[in-house]
Amino acid sequence: MTSQVRGAQLARLLGQWHALPGRRRSPDYAALAGTVRGLLADGRLPLGVRLPAERELAEALRISRTTVTAAYRQLRESGHLASRRGAGSWTMLPGTHRVASTGLWTPLDDRDMIDLGVAALAAPPELVPAARAAAEDLPRYLGGAGYHPTGINELREAVAAKYTARGLPTSPDQIMVTSGTQHALDLVLRLALAPGGSVLVESPTYPNALAALAARRARITTHGLATDAAGWDADMLLGSLRQGRPKLAYLIPEFQNPTGHLMPAELRERMVGVAHAAGTDLVIDESFVDLPLDGTELPPPVATFDRHSRVISIGGMSKPYWGGLRIGWVRASAPQVQRLAAARVGVDMASPVLDQLVAVHLLADASAIVNARRTQLAAQRDALTDALARRLPDWRVTVPRGGVTLWVELDGPISSALARAADEVGVRLAPGPRFGLDGTLERFLRLPFTLPAADLVEAVGRLAAVRYDLDRAGRPRWQEPAVIA
Ligand SMILES: Cc1ncc(COP(=O)(O)O)c(C=O)c1O
């Protein structure tokens, strides 16, 4: 069945379409069509949905029907709309554009594209030797069926030892190995959240967590993070827990994605106490915990303050090691791990044994690998912040003390427009609204520093050029990448 977007809904999505930067002399219909294209490119307006009838949209936007007619015509001509007389108009994309209709980022294969949409490093050199050693280990497992719903013991032990070394005594039966942190989150939500349950998340937050929550039809409320180094406002966060009493809160206290904030120990402790009193389970995503930079000291894990099995921690290999491994985990109480394993067999039975063995070998070499990652990330972060300071001095950056991303405050609400323009010059961006609800956060942009420094500097040069173009009055189309620095 084709879904339909109503006039009022589309008007809300379109927001300030008539006042977007870079359109000063372009006619209303072109601005309207351009904004619809942008919504499609951002995945905020799905593909294959029926747009409102021209009259309905004209009424919702309080503009003339002729303007809507002309905008729809332009969208048809550019391949963004298919119409059939009497049946309506559906959104689509021209063949050359690939945008996931789910709203998730799909990495591109285009080699000339500098992909700043994905915040993850290439594999470390230790990966191939670890894979070889894992293959040598495999015969030890081949006599069994190979299904280990909670994970192979040696990996559970290695992960438990990591927590214990961080000051959080953990036994292997408190660990369940998953196929990535995203999988861990999905499983925890299945266990801890009935469909339609209430959830508190940070804003901005990790977009695929929002996707997992949407799949549970969660009722989401947000805690807005400050842009400066402070991050969480303790009173507001604790107040939201006390008053809203959400069923669950999803937080990223270590080098939060996308802001890079690190939650102080005192707030961790108070948050766990308040969550317990409010009946809220805390799902703590520790994806970036291995990546403090500049010798930053880590506060104790949030679960250290937990006396009532309120805290479920999730983490994985993707950020310090490699995303392609697809190894993550959950740390919870042993009974919770058993319940998770029971839920899991309805999804994927178990994680691959070979990949788990690779993870065991990488974790055995953890300090060498992770130290090299930190050195690399610090250098790339500095190259990116230097390039931004030189080429885009009006953008404000709070330098994070860890993680892999900068959360940049732009010089206007231009994030989506900038992402569209950047795409045309071979830079793929994740614009601010990706990290929030309701199309807000247009003044922000996430820039990962996971690519080599030279690529980051090149990307900033291209962004500076298109940023300048957005301001130039009368520039007819962003599609012409005339100025490439
Ligand atoms: C906060 C956060 N959680 C989860 C994930 C997904 O990690 P994985 O690749 O382990 O599924 C990411 C990846 O970007 C992330 O940033």
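1. Quick notes on the packing of aromatic side chains
Then, number 1: Across all of its chains, the model carries two aromatic pairs by this definition.
Then, number 2: Between tryptophan 407 and phenylalanine 435, the ring centres sit 5.6 Å apart and the planes meet at 75 degrees, which makes this aromatic pair edge-to-face. In this pair, tryptophan 407 is assigned in strand E12 (residues 405-409) and phenylalanine 435 in the loop between strand E14 (430-431) and strand E15 (444-448), connecting sequence segments 28 residues apart. This pair shows no difference in class: tryptophan 407 is buried, exactly as phenylalanine 435 is.
Then, number 3: Here tryptophan 407 and phenylalanine 444 contribute two aromatic rings whose centre-to-centre distance is 5.3 Å and whose plane-to-plane angle is 0 degrees, an arrangement assigned as stacked. With a gap of 37 residues between them, tryptophan 407 in strand E12 and phenylalanine 444 in strand E15 connect regions that are remote in the sequence.

2. Considerations on the side chain of histidine 261
Then, number 1: Within the fold, histidine 261 resides in the loop between strand E7 (248-251) and helix H11 (265-278).
Then, number 2: Within the structure, histidine 261 has its side chain in polar contact with the backbone oxygen of alanine 226 (distance 2.9 Å).
Then, number 3: Residues contacting histidine 261, with those up to four places away along its chain left out, are Leu225, Ala226, Thr227, Asp228, Ala229, Gly231, Trp232, Ile252, Pro253, Glu254, Phe255 and Gln256.

3. Concerning the sheet that holds strand E10 (residues 328-331)
Think of a sheet as strands paired side by side through backbone hydrogen bonds, with each pair either parallel or antiparallel.
Then, number 1: Judged by pairing direction, the sheet is mixed, and its seven strands sit side by side in the order E4-E10-E9-E8-E7-E5-E6 without closing on themselves. Only two strands of the sheet have a single partner each, and these edge strands are strand E4 (175-178) and strand E6 (219-224). Along the sheet, successive strands turn relative to each other by an average axial angle of 20 degrees, direction set aside.
Then, number 2: Two strands pair when backbone bridges link them, and strand E8 (residues 281-285) and strand E9 (residues 311-316) are joined in this way by four bridges, in the parallel orientation. Within E9, the position partnered with valine 283 by the bridge is isoleucine 312.
Then, number 3: On top of the sheet, helix H9 (residues 207-215) reaches strand E5 (198-203), E6 and E7; it is set at about 165 degrees to E5, its chief contact.
Then, number 4: Its contacts with the sheet put helix H10 (residues 234-244) on E5, E6 and E7, and the angle it makes with E5 is roughly 170 degrees.

4. Some details on the nonpolar core
Then, number 1: Counting residues in hydrophobic clusters, the biggest one holds 64 residues, and the most contacted among them are Val330, Leu388, Leu429 and Leu447.
Then, number 2: Core analysis: the second largest hydrophobic core is formed by 46 residues, Trp232, Met271, Ala275 and Ile284 among them.

5. Examining the site of the ligand
Then, number 1: Taken together, 13 residues lie around the ligand, and Thr181, Asn257, Asp285, Ser318 and Lys319 are the ones closest in.
Then, number 2: In the model, an oxygen atom of the ligand is placed 2.9 Å from a nitrogen or oxygen of the glutamine 182 main chain.
Then, number 3: A distance of 2.7 Å separates an oxygen atom of the ligand from a polar side-chain atom of serine 318.
Then, number 4: Taking 400 Å² as the accessible area of the ligand by itself, protein coverage stands at 91%.
Then, number 5: Looking at the shell around the ligand, its residues break down into four nonpolar, six polar and three charged.

6. Some points on the confidence of the model for the chain
Reading predicted coordinates in detail is not appropriate for stretches of low pLDDT.
Then, number 1: In this model, the chain carries a mean pLDDT of 90, and residues with pLDDT of at least 70 account for 91%.
Then, number 2: Confidence drops under a pLDDT of 50 for residues 96-105, and excluding neighbours within four residues, the segment shows 22 contacts in the predicted structure.
Then, number 3: The low-confidence segment residues 473-485 (pLDDT under 50) makes 28 contacts with residues lying over four places distant or belonging to another chain.

7. Here we look at a nonpolar patch on the surface
Then, number 1: Where nonpolar side chains cluster on the molecular surface, the patch consists of Tyr147, Val345 and Met349 and spans about 300 Å² of accessible area.
Then, number 2: For valine 345, the position within the fold is in the loop between helix H12 (334-344) and helix H13 (353-364).
Then, number 3: Here valine 345 falls in the partly exposed class, since its relative accessible area comes to 40%.

8. A closer look at the sheet that holds E14
Then, number 1: Read across the open sheet, the four strands follow the order E11-E12-E15-E14; overall the sheet is antiparallel. Each edge of the open sheet is held by one strand with a lone partner, namely strand E11 (396-397) and E14.

9. Some details on unusual backbone geometry
Then, number 1: Cis peptide bonds are those with omega within 30 degrees of zero, and the linkage from serine 203 to proline 204 qualifies with 5 degrees.
Then, number 2: Here proline 204 shows up in the loop between E5 and H9.
Then, number 3: Even without a glycine there, the phi angle at arginine 217 is positive, about 55 degrees.
Then, number 4: Locating arginine 217 in the fold gives a position in the loop between H9 and E6.
Then, number 5: Given a relative accessible area of 61%, arginine 217 falls into the exposed group.

What counts and how
Residues numbered from 1 in each chain as written. Predicted model: local features only at pLDDT ≥ 70, side-chain atom pairs only at ≥ 80, totals over all residues. Heavy atoms only, no water. Phe/Tyr/Trp six-rings, centres within 6.5 Å; stacked < 30°, edge-to-face > 60°. Helix = DSSP H or I, 4+ residues; strand = E, 2+ residues; numbered from the N terminus. Buried < 20%, exposed > 50% of the residue type's maximum accessible area, 1.4 Å probe, protein only. Polar contact = N/O pair within 3.5 Å; in protein donor to acceptor, adjacent residues only side chain to side chain. Contact = heavy atoms within 4.5 Å. Pairing = 2+ DSSP bridges. Axes fitted to C-alpha atoms, helices over the stretch in contact; angles between N-to-C directions. Core = buried A, V, L, I, M, F, W, Y, C linked by side-chain atoms within 4.5 Å. Near = heavy atom within 4 Å. Areas by Shrake-Rupley, 256 points an atom, 1.4 Å probe, with all protein chains shown as cover. Nonpolar A, V, L, I, M, F, W, Y, C, P; charged D, E, K, R; others polar. pLDDT = per-residue confidence, 0-100. Patch = residues over 30% accessible without salt bridge, like charges linked within 9 Å, V, L, I, M, F, W, Y side chains within 5 Å. Salt bridge = Lys/Arg side-chain N within 4 Å of Asp/Glu carboxyl O.

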